[in-house]
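In case you want the letters, here they are:
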Amino acid sequence: GIQVEQSPPDLILQEGANSTLRCNFSDSVNNLQWFHQNPWGQLINLFYIPSGTKQNGRLSATTVATERYSLLYISSSQTTDSGVYFCAVGSGGGADGLTFGKGTHLIIQP
Amino acid sequence: GAVVSQHPSRVICKSGTSVKIECRSLDFQATTMFWYRQFPKQSLMLMATSNEGSKATYEQGVEKDKFLINHASLTLSTLTVTSAHPEDSSFYICSATPLARETQYFGPGTRLLVL
């Protein structure tokens, strides 16, 4: 099956810093989503981005499908950004389950 | 929009009992729902794909007789953990994709503890 690798596994930053999280995948995908898992376990949808670039406030994401990677950018980090960020991919659109990476554990210190 | 709920949010049961977890799409219909499992400090693993009106498709290594899935309507899927044992203790999360869309939306999860 498809492999998903996320880096870095852990990241500690000061409030106000910028960060870049990376997701590499081993095969072509039709679905790529970024999530933030909050301390209670809820997965918050950040982006659906199988290709191209999107922005939502301080967050933006870029997927280069031909090179099989995606990047999540967080600017001006806040302590509430802390948590685990997951990249998940699928090859069959909405009818297929997602394969998740191991996540990046982000800690934003005040 | 695109809200998915799960019930119960947490359950503690004795070894050998069965536990049913409900997953509902509150404001959309979904022909396909998914069930994932997450162990502490690990990633999510897909367990099965639940299709309305037909049998579920299980991932390799997931026992279909232990994890019974029923997708009775376009807004409800249930996962029953039969004869639960301590090793089944985990965080179970469902997701659903609105009709004609590709984004998956996740429920808040159910924490199962089997004593």
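Residues numbered from 1 in each chain as written. Chains lettered and ligands numbered in written order. Predicted model: local features only at pLDDT ≥ 70, side-chain atom pairs only at ≥ 80, totals over all residues. Heavy atoms only, no water.

Chemist: How would you summarise the packing of aromatic side chains if you had to cite specific residues and measurements?
Modeler: Summed over all chains, the structure comprises eight aromatic pairs over all chains. Seen from their ring centres, F100 of chain A and Y36 of chain B are 5.6 Å apart, and the 80 degrees between their planes marks the pair as edge-to-face. With F100 of chain A in strand β10 (residues 99–100) and Y36 of chain B in strand β4 (residues 32–38), this pair bridges two chains. Residue classification places Y36 of chain B among the buried positions, given a relative accessible area of 0%. Between F28 of chain B and Y105 of chain B the ring centres are 6.4 Å apart and the planes differ by 55 degrees, which places this aromatic pair in the tilted class. Note that F28 of chain B is positioned in the loop between β3 (19–25) and β4 and Y105 of chain B in strand β10 (residues 105–106), a separation of 77 residues in sequence. Across this residue pair, the class does not change: F28 of chain B and Y105 of chain B are buried. Geometry around Y69 of chain A places R22 of chain A over its ring, the cationic atom sitting 4.2 Å from the centre. For R111 of chain B, the ring lying beneath its charged end belongs to F91 of chain B, and the centroid distance is 4.1 Å. (Phe/Tyr/Trp six-rings, centres within 6.5 Å; stacked < 30°, edge-to-face > 60°. Helix = DSSP H or I, 4+ residues; strand = E, 2+ residues; numbered from the N terminus. Buried < 20%, exposed > 50% of the residue type's maximum accessible area, 1.4 Å probe, protein only. Lys NZ or Arg CZ within 6 Å of the ring centre and 35° of its normal.)

Chemist: Could you give an account of the nonpolar core, naming the residues involved and the relevant values?
Modeler: Membership of the largest hydrophobic core comes to 26 residues, with the highest contact counts inside it found for V4, W35, F67, L79, Y92 and L112 of chain B. The set of elements that each furnish at least two residues to this core consists of β2 (10–13), β3, β4, β5 (44–51), β7 (67–73), β8 (76–81), β9 (90–96) and β11 (110–114) of chain B. V4 of chain B has contacts with C23, R24, S25, F28, C94, A96, Y105, F106, G107 and P108 of chain B, leaving out every residue within four places of it along the chain. Counting 21 residues, the second largest nonpolar core, distinct from the first, contains L11, L13, L46 and I108 of chain A. (Core = buried A, V, L, I, M, F, W, Y, C linked by side-chain atoms within 4.5 Å. Contact = heavy atoms within 4.5 Å.)

Chemist: Tell me about the environment of T57 of chain B, and name the residues and values.
Modeler: Tracing the backbone shows T57 of chain B in strand β6 (residues 57–58). If near-sequence neighbours (up to four positions away) are discounted, T57 of chain B is found in contact with M47, A48, T49 and N51 of chain B.

Chemist: Summarise the interface of chain A and chain B; cite the residues concerned and give the values.
Modeler: Between chain A and chain B, the residue contacts involve 21 residues of the former and 21 residues of the latter. Summed over both partners, the interface of chain A with chain B comes to about 1500 Å²; 50% of that surface belongs to carbon and sulfur atoms. Across the contact surface, chain A and chain B share zero salt bridges. Counting residues per element, the side of chain A that touches chain B draws most heavily on strand β4 (residues 31–37) of chain A, at four residues. Tallied by class, residues from the side of chain A that touches chain B come to eight nonpolar, 11 polar and two charged. (Buried area = accessible area lost by both parts, 1.4 Å probe. Salt bridge = Lys/Arg side-chain N within 4 Å of Asp/Glu carboxyl O. Nonpolar A, V, L, I, M, F, W, Y, C, P; charged D, E, K, R; others polar.)

Structural measurements only, silent on function.
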